[in-house]
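Residue-level listing of the chains:
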Amino acid sequence: MTVIDWDALQHVAADAVGRAYAPYSHFPVGAAALTDDGRVVSGCNVENASYGLTLCAECTLVGELRQTGGGRLTAFVCVDEGGRVIMPCGRCRQLLHEFAAPGMVLRTASGIRTLAEILPDAFGPDDLSRERLRRDPA
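The shown structure was predicted, so the numbers you read here are calculated from the model rather than taken from an experiment.

> Mind laying out helix α2 (residues 57-67), listing which residues take part and the relevant values?
Buried residues of α2: Ala57, Glu58, Cys59, Leu61, Val62 and Leu65, and no others. Contacts from the buried residues of α2 go to β1 (29-35), β2 (40-44), β3 (73-80) and α3 (90-99). Following α2 by one or two positions, Gly69 adopts a phi angle in the positive range, close to 120°.

Right, here's the structure in full:
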C-alpha cells in the first residue's frame, strides 16, 4: 500500500477552499484525494442561487478525476475555510463510493476511517446488475 502524506493532501484541500464559490452559505469547502495511479485531484464547492444546483467540493473533485484520466480514489480529505477536517455529507459519501478503490480511506475528525465504515452497506453499480437481482430477489 502507498504511504499517504495526509498533511500534504490536507494542504491541497485547504488550497482548493480559496477557489470555492460560496456566496450563499458562506461555507467554502475544499477537498483533495489521492488516486490509484498516484495523482492528486481536488475540488471546491460551487454554489448556485437555486440551492439544489449547488455542487459540493466532492462533486468537482470527481469531475477533475474524470477530466484528468479517471481511475479510483484511494485516500480523501475534506476541509472547511479554517482548514479543519470535515466529514462529507451523505450524498457525497455515495458519490465517493462510486469512484472509490477497494479499501479507500478518509481523514476524518475522528481519525483515519475506511469508506465502508462511514457508508456501510453502500448501494453501488453491482446492485444494479440484472444477474444479482435474479440471484437475490428482494
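What follows continues from the structure just given.
> Help me get a handle on a nonpolar patch on the surface, residues and values and all.
A cluster of nonpolar side chains, contributed by Tyr21, Tyr24, Val46, Tyr51 and Leu55, occupies part of the molecular surface with about 480 Å² of accessible area. If you trace the backbone, Leu55 turns up in the loop between β2 and α2. When its relative accessible area of 37% is taken as the criterion, Leu55 is described as partly exposed.

> An account of the environment of Thr74 is requested, with residue identities and associated values reported.
Note on placement: Thr74 falls in strand β3. When the C-alpha positions of Thr74 and Pro102 are compared, they lie 7.7 Å apart, and in sequence the two are 28 residues distant. Setting aside chain neighbours within four positions, we find Thr74 in contact with Leu34, Thr35, Asp36, Ala101, Met104 and Val105.

> If you had to explain the side chain of Asp80 to someone new, which residues and values would you point to?
When you line up the elements, Asp80 lands in strand β3. In contact with Asp80, other than residues within four places in its own chain, are Val17, Phe27, Pro28 and Ile86.

> Residues and numbers for the packing of α2 against α3, please.
Axis separation between α2 and α3 bottoms out at 10 Å; the angle between their running directions is 15°. On the basis of the axis angle, α2 is roughly parallel to α3. Crossing handedness for the pair α2 and α3: left-handed. For the pair α2 and α3, contact is made by Glu58, Cys59, Val62, Leu65 and Arg66 and by Arg91, Cys92, Leu95, Leu96 and Phe99, respectively. Partitioning the contact of α2 with α3 into residue classes produces seven nonpolar, no polar and three charged.

The rules behind these values
- Residues numbered from 1 in each chain as written.
- Predicted model: local features only at pLDDT ≥ 70, side-chain atom pairs only at ≥ 80, totals over all residues.
- Heavy atoms only, no water.
- Buried < 20%, exposed > 50% of the residue type's maximum accessible area, 1.4 Å probe, protein only.
- Helix = DSSP H or I, 4+ residues; strand = E, 2+ residues; numbered from the N terminus.
- Contact = heavy atoms within 4.5 Å.
- Patch = residues over 30% accessible without salt bridge, like charges linked within 9 Å, V, L, I, M, F, W, Y side chains within 5 Å.
- Areas by Shrake-Rupley, 256 points an atom, 1.4 Å probe, with all protein chains shown as cover.
- Salt bridge = Lys/Arg side-chain N within 4 Å of Asp/Glu carboxyl O.
- Axes fitted to C-alpha atoms, helices over the stretch in contact; angles between N-to-C directions.
- Parallel < 35°, antiparallel > 145°, perpendicular 65-115°, else oblique.
- Left-handed = near helix turned anticlockwise from the far one by under 90°.
- Nonpolar A, V, L, I, M, F, W, Y, C, P; charged D, E, K, R; others polar.

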